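Here is what each chain is made of, one letter per residue.
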Amino acid sequence: MDNLTPKKIVEELDKYIVGQGNAKKAVAIALRNRWRRQQLSDELRDEILPKNILMIGPTGVGKTEIARRLAKLAQAPFIKVEASKFTEVGYVGRDVESMIRDLTGLALSMVKTEQMEKVQAKAEVLAEENILNLLLPQPKSQRKMSLSGTEDEEKNEGEGTEGKDNYQKTREKLRTQLKEGKLDERYIDLEVREKSVPFGVISNIGMDELEINLKEMLGNLLPDKPKRKKVKVPEAMRIIQEEEAGKLIDMDKVMKEAIERTEQTGIIFIDEIDKIISKGSAHGPDVSREGVQRDLLPIVEGSTVSTKHGSVKTDHILFISAGAFTISKPSDIIPELQGRFPIRAELDALGKEEFIRILQEPKNALIKQYIALMATEDVNIIFSDDSIDEIASIAAMVNEKTENIGARRLHTILEKLLEDISFNAPDTKDKELKIDAEYVNNKLSDIIKDEDLSRYIL
């Protein structure tokens, strides 16, 4: 984060997202403010709350992608939730705290992975020794000698030393073969210990935490059940390595760090926030929608949520919400929740020029993706400039005539355009295919002309 200045954050986002400068600037400042806050004294640090962001723009313009790439840049725990899911029948805003539990679980997984990577070298050495013990168990005579300190041990000392030398030579030979991969096809019996829980909770609505706690409680009461598996040496090495790495890390320390990371750097992206805005009626689903807003309010404002890993404070979690606001407007959100999203970022609708850039410029550009996919079949696709121009024109035209789904329209058009090439790729004799404007028109002209048909296909 020291090197991630707002300008650099925007530069990184530019590699994947075309345009939307205002939104990028807003999230870059929000992320940098987190770093600035960490530099302050403890007393002042607790007083500075994150400036949550409300993104306003049509579907398919990059709202989710901006938030996701931002979290990846900051290496922060990130989850995306659909606000509309809390309005489902029988649900009605219940258990909105599940987003905090999910975020904490994700943070725990991130920290655990990082810690396991640190002890990977040591775990690999221990796993190797365990595999060698399974491949070449220590002779019984040597085990007895090592346990007894009697006269028999002294009498057979010469014989025991010779046997021990032979055992060590064989073991080192096996070690060399193991490292060279010569034992990869060999099977070994491995004992895996797993918890046996006799049942699960039936309902999953608002009961996920109860189910987890029940399983943990019963898991502690019931002993580990050993299970023997016959696996190949590489698979056995992976299983044992994971077990050894798990033993080497301090889970209490991992949990503490995960909670701290959730509280200080967590990002929650609440999508479709416009779908929980009431349309003015005082009964029916609108009441439920406003109820969801009121349930979200304490979490966004700052509260303490109980998770199975410990209590998590939401005061400094960054919330980014987004919505198209085609029917409603941001001012229709209840005033208390509006005040918790002080930064408004408007995203522009995409047209032909943006589509041309989206097809070619980003690191994960669609054209690059399809070229790489076809290259796996030794088929080299070449898109001419006029073909890209034509694809962008068609995407803009179909968006205008039918539903505007933004850049997602390019996916459907390219899939339809390359359908035959993709289907015949394994049997294609001509390994180089050029796609030009004429090819694009031939493949898509009938669908474009028939507006009713294009509604279903594109």
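The shown structure was predicted, so the numbers you read here are calculated from the model rather than taken from an experiment. (Residues numbered from 1 in each chain as written. Predicted model: local features only at pLDDT ≥ 70, side-chain atom pairs only at ≥ 80, totals over all residues. Heavy atoms only, no water.)

*Asks:* Please explain the overall build of the protein chain as it appears in this structure.
*Replies:* For the protein chain, the count of helices and strands is 21 helices and 11 strands. By residue count, 39% of the 458 residues in the protein chain fall in the buried class. By sequence separation, contacts in the protein chain at least 24 residues apart represent 79% of the contacts at least 6 residues apart. For the protein chain, the exposed surface amounts to about 25,900 Å²; the carbon and sulfur share of it is 50%. (Helix = DSSP H or I, 4+ residues; strand = E, 2+ residues; numbered from the N terminus. Buried < 20%, exposed > 50% of the residue type's maximum accessible area, 1.4 Å probe, protein only. Contact = heavy atoms within 4.5 Å. Areas by Shrake-Rupley, 256 points an atom, 1.4 Å probe, with all protein chains shown as cover.)

*Asks:* Please explain the pattern of salt bridges as it appears in this structure.
*Replies:* Where charged atoms of side chains with opposite charge meet at close range, the side chains can pair. Counted by the stated rule, this structure contains 23 salt bridges. A salt bridge links Arg261 to Glu114; the shortest N-O distance between them is 2.8 Å. Remark: Glu114 occurs in helix H5 (residues 98–118) and Arg261 occurs in helix H12 (residues 251–265); sequence separation between them is 147 residues. A residue is classified by how much of its surface remains accessible, and Arg261, at 16% relative accessible area, is buried. Note on Glu114: relative accessible area 30%, which makes it partly exposed. Salt-bridge contacts for Glu244 lead to Lys247; the nearest nitrogen and oxygen are separated by 3.8 Å. One end of the pair, Glu244, and the other, Lys247, are both in helix H11 (residues 233–248), 3 residues apart, so they sit about a helical turn from each other. Residue classification places Glu244 among the buried residues on the basis of a relative accessible area of 12%. (Salt bridge = Lys/Arg side-chain N within 4 Å of Asp/Glu carboxyl O.)

*Asks:* Looking at this model, I keep getting lost on the layout of surface pockets. Mind explaining?
*Replies:* One water molecule sets the probe size; rolling that probe over the atoms shows where empty space is left. By volume, the largest pocket amounts to about 980 Å³. Along the walls of the largest pocket sit 39 residues, with Thr59, Gly60, Val61, Gly62 and Arg408 positioned nearest its centre. When the residues that make up the lining of the largest pocket are grouped by side-chain class, the tally is 15 nonpolar, 12 polar and 12 charged. (1 Å grid on protein atoms, 1.4 Å probe; cavity = no way out; pocket = protein on both sides within 12 Å on 5 of 7 lines; lining within 4 Å. Points joined across faces, edges and corners; volume = space filled by probe spheres on them. Nonpolar A, V, L, I, M, F, W, Y, C, P; charged D, E, K, R; others polar.)

*Asks:* Can you help me understand the packing of aromatic side chains in this one?
*Replies:* The description of two aromatic rings rests on the distance between their centres and on the angle between their planes. All chains considered together, the criterion is met by 0 aromatic pairs. Across from the ring centre of Trp35, 3.9 Å away, lies the NZ or CZ of Arg32, which sits over that ring. Sitting over the face of the ring of Tyr16, Arg69 holds its NZ or CZ atom 3.8 Å from the ring centroid. (Phe/Tyr/Trp six-rings, centres within 6.5 Å; stacked < 30°, edge-to-face > 60°. Lys NZ or Arg CZ within 6 Å of the ring centre and 35° of its normal.)

*Asks:* Can you walk me through the nonpolar core in this structure?
*Replies:* Soluble globular proteins: nonpolar side chains tend toward being buried together. Among the nonpolar cores identified, the biggest contains 57 residues, and Ile320, Phe355, Phe383, Ile391 and Leu414 are the most heavily contacted of them. Here the element with the most residues in this core is helix H17 (residues 385–401); it accounts for 7 residues. Not counting residues up to four positions away in its chain, the partners in contact with Ile320 are Val27, Ile53, Met55, Ala67, Leu70, Ile267, Ile268, Phe269 and Ile270. With 30 residues, the next largest nonpolar core counts Leu103, Ile268, Val300 and Phe325 among its residues. (Core = buried A, V, L, I, M, F, W, Y, C linked by side-chain atoms within 4.5 Å.)

*Asks:* Honestly, helix H16 (residues 366–375) in this entry has me stumped. Any pointers?
*Replies:* Because the α-helix completes a turn every 3.6 residues, residues three or four places apart line up on one side. If you check which residues of H16 are buried, you get Leu366, Ile367, Tyr370 and Met374. Down the axis of H16, the buried side of the element spans an arc of 100°, and every buried residue falls inside it. Contacts from the buried residues of H16 go to helix H15 (352–360), strand S10 (380–383), H17, helix H18 (408–417) and helix H19 (419–424). (Arc of directions from axis to C-beta.)

*Asks:* What is the right way to read the pairing of S10 from this model?
*Replies:* Along any regular strand, the residues point their side chains to alternate faces of the sheet. Burial along S10 is one-sided: the face carrying Ile381 and Phe383 is buried and the face carrying Asn380 and Ile382 is not. As paired strands, S10 and strand S11 (residues 432–435) are joined by 4 bridges and run parallel to one another. When the bridges of S11 are listed, Ile381 appears paired with Leu433. (Pairing = 2+ DSSP bridges.)

*Asks:* In this structure, what is going on with H12? I would like to understand it.
*Replies:* Taking 1.5 Å per residue, 15 residues should reach 21 Å; H12 reaches 20 Å between its end C-alpha atoms and fits that length. Every buried residue belonging to H12 is among Val254, Ala258, Ile259, Arg261, Thr262 and Glu263, and all of these are buried. Looking at the packing, one finds that the buried side of H12 touches H5 and strand S7 (310–313). In this structure Asp250 caps H12, since a side-chain oxygen of it lies 3.1 Å from the backbone nitrogen of Asp252. (Expected span 1.5 Å × (residues − 1). Polar contact = N/O pair within 3.5 Å; in protein donor to acceptor, adjacent residues only side chain to side chain.)

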